[in-house]
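Each chain, letter by letter, is given below.
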Amino acid sequence: MKNPFDITGQVVVVTGAAGVLAGQTTRHLAENGAIVALLDINKEKLDARVDEFRKDGLNVSGFVSNVLDEAILEKTRDEILSRFGKVDVLINGAGGNMPGATIPPDKTVFDLKIADWDKVLALNLKGTLLPSIVFAKAMLQNPGKCSIVNFSSMAATRMITRVLGYSNAKGAIDNLTRWLAMEFARVHGDKIRVNAVAPGWFIGDQNRALLTNPDGSLTERAHKVINNTPMGRFGEANEVPGTIHYLISPAANFVTGQIVAIDGGFSIFSGV
Ligand SMILES: NC(=O)c1ccc[n+]([C@@H]2O[C@H](COP(=O)([O-])OP(=O)(O)OC[C@H]3O[C@@H](n4cnc5c(N)ncnc54)[C@H](O)[C@@H]3O)[C@@H](O)[C@H]2O)c1
């Protein structure tokens, strides 16, 4: 194989593409020759992201869509198919946490807002399963090899205090990744691979209040994170796309059902 990492001409669909990590991934994949369809529910953020990428000469298109609505996803898929003729890759980037599904410092699990827990479960779990089903149908029409990449988290496997709903949801993402990988491989051979990345600690909007004080200094919790990360620092958003590039490339043709940590060693450290 000349360049096993070549992704030129692959049609890549990215959900939550106006966000931080999925957005950075979109840029990287487009810079490396992929044709990228950016999906997001937030039109304003999406338009701004698409404009920014187009100004840099990247081959991207934006689609306002909702990962929780099957009919809207089907419409988006059909628009993508009529514009680009195929779908090679789906990256399930839409996801995240919300305050009500997290236990505040002065509260306990008995104060959990179940309605918010439901919403976090839905956004992360259903919001990964539905696009996977909708876009996998298009992948089965594609004569080439296809793949799906999900976003897990350290919260899936290491119990992180206070973060209940998000941890439950990302644990389920690990399970879903393995289950879909098994099912597609069993029924369709190497046609659709399913893997996930598990980013460690990156400071973004969803956790900024937990990790930084109003004056920008790190909180006590942030220091605990750093002390439990052998590399001794937070991750940078541009350190995520390379692993996803590998997972969707021919170099990973026999890799499925894997969850790859991008965490500076957080997941393998005993803390001692
Ligand atoms: N940032 C981190 O530190 C971190 C760490 C581990 C895992 N993750 C996971 O990585 C993924 C990407 O994270 P991020 O930091 O880029 O998130 P982000 O919050 O920056 O972006 C999420 C995007 O999803 C969009 N979105 C929300 N609901 C949607 C819906 N129903 N349909 C379509 N789009 C919708 C939002 O508008 C937003 O643009 C998420 O699953 C997140 O949980 C993030």
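Above this text is the structure in question.
Report on the accompanying structure. (Residues numbered from 1 in each chain as written. Predicted model: local features only at pLDDT ≥ 70, side-chain atom pairs only at ≥ 80, totals over all residues. Heavy atoms only, no water.)

## Focus: unusual backbone geometry
Consideration 1: The backbone of Arg162 shows a phi angle near 75°, a positive value even though the residue is not glycine.
Consideration 2: By the secondary structure assignment, Arg162 is in the loop between β5 (146-151) and α5 (164-188). (Helix = DSSP H or I, 4+ residues; strand = E, 2+ residues; numbered from the N terminus.)

## Focus: the site of the ligand
Consideration 1: Near the ligand you find 28 residues, and of these Leu21, Asp40, Asn66, Tyr166 and Lys170 are the closest.
Consideration 2: Note that an oxygen atom of the ligand is positioned 3.3 Å from one of the backbone N or O atoms of Gly19.
Consideration 3: Between Val67 and the ligand, the recorded distance is 3.0 Å, taken from a backbone N or O atom to a nitrogen atom.
Consideration 4: Relative to its free-state accessible area of 840 Å², the ligand is covered by the protein chains to the extent of 88%.
Consideration 5: Among the elements that line the shell around the ligand, the one with the most residues is helix α1 (residues 20-31), at three residues.
Consideration 6: Residue composition of the shell around the ligand, grouped by class: twelve nonpolar, 13 polar and three charged. (Near = heavy atom within 4 Å. Polar contact = N/O pair within 3.5 Å; in protein donor to acceptor, adjacent residues only side chain to side chain. Areas by Shrake-Rupley, 256 points an atom, 1.4 Å probe, with all protein chains shown as cover. Nonpolar A, V, L, I, M, F, W, Y, C, P; charged D, E, K, R; others polar.)

## Digging into helix α8 (residues 241-248)
Consideration 1: Across the eight residues of α8, six count as buried, placing the element largely inside the fold.
Consideration 2: Looking at α8, one finds that the buried residues are Pro241, Thr243, Ile244, His245, Leu247 and Ile248.
Consideration 3: Check the buried side of α8 and you find it contacts β1 (11-15), α1, β4 (89-92), β5, β6 (192-199) and β7 (259-262). (Buried < 20%, exposed > 50% of the residue type's maximum accessible area, 1.4 Å probe, protein only. Contact = heavy atoms within 4.5 Å.)

## A short note on the pattern of salt bridges
Consideration 1: By the definition in use, this model includes twelve salt bridges.
Consideration 2: A salt bridge links Lys145 to Asp190, with the nearest nitrogen and oxygen atoms 3.3 Å apart. On the criterion of sequence distance, the pair formed by Lys145 in the loop between α4 (114-140) and β5 and Asp190 in the loop between α5 and β6 is long-range, its members being 45 residues apart.
Consideration 3: Under the relative-accessibility criterion, Lys145 is labelled partly exposed at 46%.
Consideration 4: When salt bridges with common partners are traced through the structure, they connect Arg27, Glu31, Arg49, Glu52 and Asp56 into a single cluster. (Salt bridge = Lys/Arg side-chain N within 4 Å of Asp/Glu carboxyl O.)

## Let's talk about the packing of aromatic side chains
Consideration 1: For the structure shown, the criterion picks out one aromatic pair.
Consideration 2: Taking NZ or CZ as reference, Arg158 lies 4.8 Å from the ring centre of Phe266, over its face. (Phe/Tyr/Trp six-rings, centres within 6.5 Å; stacked < 30°, edge-to-face > 60°. Lys NZ or Arg CZ within 6 Å of the ring centre and 35° of its normal.)

## What about the sheet that holds β4?
Consideration 1: An order of β3-β2-β1-β4-β5-β6-β7 is seen for the seven strands of this open sheet, with the pairing classed as parallel. Only two strands of the sheet have a single neighbouring strand rather than two, namely β3 (60-64) and β7. Here the strands of the sheet are splayed against their neighbours by 20° on average, with no regard to which way each runs.
Consideration 2: Sheet analysis places β4 next to β5, joined by four bridges and oriented parallel. Following the sheet pairing, Asn92 is matched in β5 by Asn150. (Pairing = 2+ DSSP bridges. Axes fitted to C-alpha atoms, helices over the stretch in contact; angles between N-to-C directions.)

## Digging into the packing of α1 against helix α2 (residues 43-55)
Consideration 1: The N-to-C vectors of α1 and α2 enclose an angle of 25°; their axes lie 11 Å apart at closest approach. One way to sum up the angle between α1 and α2 is to call them roughly parallel. Regarding α1 and α2, the two cross each other, and that crossing is right-handed. Counted together, Gly23, Thr26 and Arg27 of α1 and Arg49, Glu52 and Phe53 of α2 form the full contact between these two elements.
Consideration 2: In terms of residue class, the contact of α1 with α2 is made up of one nonpolar, two polar and three charged. (Parallel < 35°, antiparallel > 145°, perpendicular 65-115°, else oblique. Left-handed = near helix turned anticlockwise from the far one by under 90°.)

## Some remarks on α2
Consideration 1: Taking 1.5 Å as the rise per residue, α2 with 13 residues should run 18 Å; its terminal C-alpha atoms sit 18 Å apart, in good agreement.
Consideration 2: Taken together, the buried positions of α2 are Leu46, Arg49, Val50 and Phe53. The buried residues of α2 occupy an angular sector of 95° when the element is viewed end-on, so they sit on one face. Along α2, the residues that are exposed and aim more than 90 degrees away from the buried face are Glu44 and Lys55.
Consideration 3: For α2, the side-chain oxygen to backbone nitrogen distance between the N-cap and Glu44 is 3.2 Å, and the N-cap itself is Asn42.
Consideration 4: Looking one or two places after α2, you find Gly57, whose phi comes out positive at around 80°. (Expected span 1.5 Å × (residues − 1). Arc of directions from axis to C-beta.)

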